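Listed here are the chains, written in short residue letters.
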Amino acid sequence: MTKYILRRILGWALMIVLATNLTYFLASSFLDPRANYLQRRPPVPEFAVNANLTRFNLNDQEPLLHRWWDWISAIVVHWNWGASPEGASVNDQVATRIWVSAEFVLGATVLTTLIGVALGVFTASRQYKASDRVLQQVSVVTLNIPTPVMALAAVVAGIALNNALGRTVLFVSGSGSVGTQGFLHGLLDGLQHLVLPTVTLVVTGYAGYHFLQRALLLDNIGADYVRTARAKGLTKATAIRRHALPTSIIPVATSVAFSIPGIFTGAVIAETIFGWEGMGRYFVTTISKNDIHGAVAVAAFGAVVTAIGAVLSDVVVGALDPRVRVS
Amino acid sequence: MPTTPAVTRSTVPSDSHLRGTPLLRVEDLKVSFPSEAGTVDAVRGVSFELHPGRTLGIVGESGSGKSVTALSVMGLLPDSARVSGSIRLLDRELVGLTDRQLSSVRGNDIAMVFQDPLTSLTPVHSIGKQLVEAIQVHQDVGKIRAWERGAELLDLVGIPNPAVLMKSYPHELSGGMRQRVVIALAIANDPQVIIADEPTTALDVTIQAQVLELLKKAQAETGAAVIIVTHDLGLVAGMADDVMVMYAGRPVERATVDELFHHPRMPYTLGLLGAVPRPDDRSGAPLVPIAGHPPLLIDLPDRCPFAARCPVALDKCLDNEPALLEVHAGHGAACVRSNEIVDGAIDGAPVFPLPEIPPGVMANVPREQRNSVLVVEDLTRGFPLTKGAVLKRRIGTVHAVSGVSFDIRAGETLAIVGESGCGKTTTLLSIMDLAKDAGGRIEFEGIDLSTANRRATRELRRRLQIVFQDPMGALDPRFTVSEIISEPIRAFDLAPAREIDGRVAELMDLVGLDPAHVDRFPGAFSGGQRQRIGIARALASEPSLLVLDEPVSALDVSIQAGVINLLERVQHHLGLSYLFVSHDLSVVRHLADRVAVMYLGRFVEYGDVDQVFGSPVHPYTEALLSAVPVPDPAVERSRRRILLSGDLPRPTEQQTGCPFASRCPLKPTLSQEKQQRCTTVSPQLEETADGVDHRYACLHR
């Protein structure tokens, strides 16, 4: 199994290198950093534009392969991912934003999965009973709430709470207050900022796992081996938990693992509304500002997270299902 | 020859009902399910008693309510089921208990063995974990002790290397092994009642014999009472003390096994017994199908539910539903005419008259003078075993068929029998493929396939047709019957457009379907009728050879008899040849003229069906034949079963020597020297005597 995982990791590493380089060529042919300077008022003289672009290795008058070689050598030798057309370091941007994003989405992802799976199991065991129908209806509604609507509702609710309590308990914007000192204070401050975005992401996201888990479990509740388990003397609830759940959770685990990259770079709307400077907003900004190196770095990051998700799902499925364990 | 004597059943007098308090007493059990068409009354008043150490067989066709009865005793019906009546275990009432209360009974007092061993074990838990769970649910023992006890149980059910097997997962075990594990689970807590629901239906005959023997052993070990639910009358004859025949949700006849098989009093029972082919019957008399289909169990009118299919129904049968009344002590039947029925006849006229099948057009032509339709010589087919995801390396070969030769003459039926995985289907598909790449030579109607051009190949396809096992899957659900049957006629341009409708009607009439139903879809027909559509489709292109791949194994016995008779009638009428593949030796005995017994891709015995079945020579054929249950309790009791050990070996290695050597019951009785020959010399098919159509491949017979 270890050997198999190592082989998979190697395969994914190659994939990441390939995808990143391909993105570099794509981004270089579609994004035009020169345009950033041409819009300047007063106009910047061409030699100055060229000098700037050349300094950041973005000059389209140089051969693409030259630029690519400089770019890739800088990464390999110095781990330097280049700069934006304005000269800001991509490394600096990504380094802070990864942690902001992680803070923003990881807690929400864990909660989304737990709540979704738990509701799926609960409702599947009570198929067509009142509780099942009510919870399904609720999930149908939450699934259809657009993120901005939910985010604004959360903001309004947060402000109402703060007003009612007479002090700021939940922050509605930003990832942290300026000037917070000490670890405990920092943690508390972070949590205060995190509550509303997390609620938004969980409410709009859990229903997918609820429906998936419910459907998968219902397929397995009727399985012969669950009947065997009940025939041994297990109550229905125990038989479902011990025999139907382990088999039906496998596709959910795979789905969660592969959704992580999407969550990291896809929470643009929520990040924008709550004013968090995460990877999602960076992704949009780099593209709109012709930031070739930034866009490629985001793509590389996405590839890495996808690889981590895929390997994780291999490990989890292998742990859950003896049939796919490879020697 | 090491034979295991059949475990003799306790010779309890037939009036056992009078003895002591019953272990389990079911009274007026009724189960219904809501459905979109209305309430389905699946069980409509079942009563029986079960005494310690006795075995009750519940027999019936699909939909008769036998499995629902078993599941209600276990309390494992779906939540939507409505149950009334009484099920008492000693003095404890089980109907109306909650799931939690019932869970202390299930597995502890009443245990169950299910039909399909491939799906009845949880795939993601080890065998050991599942056994330990079963033990710890009811017994207060530590994990280590439970693990040891689990290994003991595996040992008890005849699993080699129990300590290793405890750590295995279900997918690593064969079907027979898994059913042993299921039985081990069932007897883990010494239950008083074991319910076996079609315990061997999914297994091969030799494995079935092992499992049945094991069930008897488990019963002897635990002293439990057993309920066997099955459609197989042969199995009941061999296992049960008492039998209850169910029809349309009610018991229609109940008696001790001898009484029921030898003096049935209800026309339905008579019909069932007449509809089953017997492996030991050489008369070739036609089977007796029961006309029509079981009724839908929705809003049944108050009359005998069997009356519509009963050849001796009277007007009074429609007055009300007859109750199960005692004909004499210990024998009940639900029929107003049960007192008139003596030895299957009323006033000397049989209740089910034998259907007439006219003699075949080829009947008077000796085999030597008939043309060969299909000649297969040294057919060999292997499949590569590969490893690696991108660059596939060949790491071995599955030898599916190795060196098989046979011929089929006009108007005769050759059957290939063998257990699953023996290569019979591959043989058949290689012929259907008209495969040029298969090793060996295939000659069809005098044309060698390897030299046939496209035109000739197309003509061969027309002359060679197949009928599949699963009548549901083989017909396109979006085609009408007319489209299905006429497709080959159009494809081969066999008739002008205006004559096609007439041709379709003619074919439907030939296979016993109402030509008025041509515009219906397959979904509107029952399984037996669908198989008839499949046969009509195959006949539409006027073939000379029909390949039949388990054509009746998916059908209930009473329906199966009709399809078998149809196949015989069609063959006699059209002079067709059949290549027939089956694992059911009774059907083979009935339908085939010649038979080939296949093991690991080779023929081990081959010849005239009466020769091979009547005086088998090869130890494998002997074992196979002895494993088939005969629907006659007297015969079953006196039979000696040859139990084969283990499963079919994997066909991945090229065998040296005899392929059967690893399981052969004859080999251990031989001298060292002879055993040596078994593993080094590959036996060839040899004739038994001059002029007798019977060959076998064994070095020491």
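Enquirer: Go over the overall build of chain B with me, naming the residues and quoting the values.
Expert: For chain B, the helix and strand inventory stands at 21 helices and 29 strands. Taking 27 Å as the expected radius of gyration for a compact globule of 701 residues, we find that chain B reaches 27 Å, a close match to that expectation. With the principal axes as the frame, chain B shows a C-alpha extent of 75 × 70 × 55 Å. Each of the 701 residues in chain B was classed as buried or not, and the buried ones make up 49%.

Enquirer: Please provide a residue-by-residue account of the overall build of chain A, values included.
Expert: On a plain count of helices and strands, chain A comes out with 13 helices and 0 strands. Secondary structure elements of chain A, listed N to C terminal, follow the sequence α-α-α-α-α-α-α-α-α-α-α-α-α. Overall, the C-alpha framework of chain A stretches about 85 × 60 × 40 Å when taken along its three principal axes. A buried classification covers 35% of the 327 residues belonging to chain A. Intrachain contacts of chain A at a sequence separation of at least 6 include 72% that bridge at least 24 residues.

Enquirer: Account for the domain arrangement of chain A, with residues named and values stated.
Expert: All names here are of chain A. Split by domain assignment, chain A resolves into domain 1 (1–85 + 289–327) and domain 2 (93–286). Distance between the C-alpha centres of domain 1 and domain 2: 30 Å. Contacts between the two partners involve 18 residues from domain 1 and, on the opposite side, 18 residues from domain 2. Residues of the side of domain 1 that touches domain 2, tallied by class, amount to 10 nonpolar, 5 polar and 3 charged.

Enquirer: An account of the interface of chain A and chain B is requested, with residue identities and associated values reported.
Expert: Contact residues are listed per partner, giving 20 residues for chain A and 27 residues for chain B. Contributions of two or more residues to the side of chain A that touches chain B are made by helix H9 (224–232) and helix H10 (236–266) of chain A. By residue number, the principal contributor to the side of chain A that touches chain B is H9 of chain A, which donates 8 residues. Partitioned by chemical class, the residues of the side of chain A that touches chain B number 8 nonpolar, 5 polar and 7 charged.

Enquirer: An account of helix H1 (residues 66–74) of chain B is needed here, citing residue identities and associated values.
Expert: Residue and element names in this part refer to chain B. When you tally the buried positions in H1, you get 9 out of 9 residues, the bulk of the element. For H1, the full list of buried residues reads Lys66, Ser67, Val68, Thr69, Ala70, Leu71, Ser72, Val73 and Met74. Positioned one or two residues after H1, glycine 75 has a phi angle of 70°, which is positive.

Enquirer: Please give an account of helix H1 (residues 2–30) of chain A that cites residues and values.
Expert: Along an α-helix, a turn takes 3.6 residues, which lines up residues three or four apart on a common side. Residues and elements named next belong to chain A. Along its 29 residues, H1 runs 41 Å from first to last C-alpha, staying within 8% of the 42 Å computed at 1.5 Å per residue. Among all positions in H1, only Thr20, Tyr24, Ala27 and Ser28 are buried. Residues of H1 that are buried in the fold lie against helix H4 (64–78) and helix H13 (292–320).

Enquirer: Can you lay out the sheet that holds strand S20 (residues 439–444) of chain B for me, pointing to particular residues and giving the numbers?
Expert: All names here are of chain B. The sheet built from 4 strands is open, its strands ordered S18-S17-S20-S21 with antiparallel pairing. In this open sheet, the two strands that pair with only one neighbour each are strand S18 (393–409) and strand S21 (447–448). Two strands pair when backbone bridges link them, and strand S17 (residues 372–387) and S18 are joined in this way by 12 bridges, in the antiparallel orientation. By the bridge assignment, valine 376 is partnered in S18 with phenylalanine 406.

Enquirer: Tell me about the sheet that holds strand S5 (residues 82–89) of chain B, and name the residues and values.
Expert: Residue and element names in this part refer to chain B. Pairing in this open sheet of 4 strands is antiparallel, and the strands run S3-S2-S5-S6 from one edge to the other. On the outer flanks of this sheet lie strand S3 (38–50) and strand S6 (92–93), each paired with one strand and no other. Summarising the sheet, strand S2 (residues 24–35) and S5 pair through 7 bridges and their orientation is antiparallel. By the bridge assignment for S5, lysine 30 is matched with serine 84.

Enquirer: An account of the packing of helix H14 (residues 497–510) of chain B against helix H15 (residues 527–540) of chain B is needed here, citing residue identities and associated values.
Expert: Residues and elements named next belong to chain B. Here H14 crosses H15 at 130°, and the two axes come no closer than 9 Å. As judged from the angle between their axes, H14 and H15 are oblique. The handedness of the crossing between H14 and H15 is right-handed. Where H14 abuts H15, its residues Leu507, Met508 and Leu510 lie against Ala536, Leu539 and Ala540. Here the residues of the contact of H14 with H15 are counted per class, giving 6 nonpolar, no polar and no charged.

Enquirer: Before we move on, could you go through the packing of helix H7 (residues 205–222) of chain B against helix H19 (residues 619–627) of chain B and cite the residues and values that matter?
Expert: Residue and element names in this part refer to chain B. Axis separation between H7 and H19 bottoms out at 8 Å; the angle between their running directions is 55°. Our classification of the angle between H7 and H19 gives oblique. Crossing geometry of H7 relative to H19 is assigned as left-handed. Mapping the contact onto sequence places Val205, Thr206, Gln208 and Ala209 in H7 and Ala623, Leu624 and Ala627 in H19.

Enquirer: Which residues make up unusual backbone geometry, and what values go with them?
Expert: A cis geometry characterises the amide bond from arginine 41 of chain A onward to proline 42 of chain A, with omega recorded as -5°. With respect to the helices and strands, proline 42 of chain A occurs in the loop between helix H2 (33–38) and helix H3 (46–55). With phi around 50°, leucine 90 of chain B is a residue other than glycine that occupies positive phi space. At aspartate 378 of chain B, a position not held by glycine, the phi torsion is positive, near 55°. Turning to its location among the elements, aspartate 378 of chain B is positioned in strand S17.

Enquirer: So what's going on with the environment of glycine 418 of chain B? Residues and values would help.
Expert: Residues and elements named next belong to chain B. Counting through the fold element by element, glycine 418 comes out in the loop between strand S19 (413–417) and helix H11 (424–432). Classification of glycine 418 by C-beta neighbours within 10 Å gives buried; the count is 26. It is 8.6 Å that separates the C-alpha atoms of glycine 418 and valine 581, two residues lying 163 residues apart in sequence. For glycine 418, the contacting residues outside a window of four places in its chain are Lys424, Val597, Met598 and Tyr599.

Calculation criteria
- Residues numbered from 1 in each chain as written.
- Chains lettered and ligands numbered in written order.
- Predicted model: local features only at pLDDT ≥ 70, side-chain atom pairs only at ≥ 80, totals over all residues.
- Helix = DSSP H or I, 4+ residues; strand = E, 2+ residues; numbered from the N terminus.
- Rg over C-alpha atoms; globule rule 2.2 N^0.38 Å.
- Buried ≥ 20, exposed ≤ 12 C-beta atoms within 10 Å, placed from the backbone.
- Contact = placed C-beta atoms within 7 Å.
- Domains from an automatic or database assignment.
- Nonpolar A, V, L, I, M, F, W, Y, C, P; charged D, E, K, R; others polar.
- Expected span 1.5 Å × (residues − 1).
- Pairing = 2+ DSSP bridges.
- Axes fitted to C-alpha atoms, helices over the stretch in contact; angles between N-to-C directions.
- Parallel < 35°, antiparallel > 145°, perpendicular 65-115°, else oblique.
- Left-handed = near helix turned anticlockwise from the far one by under 90°.

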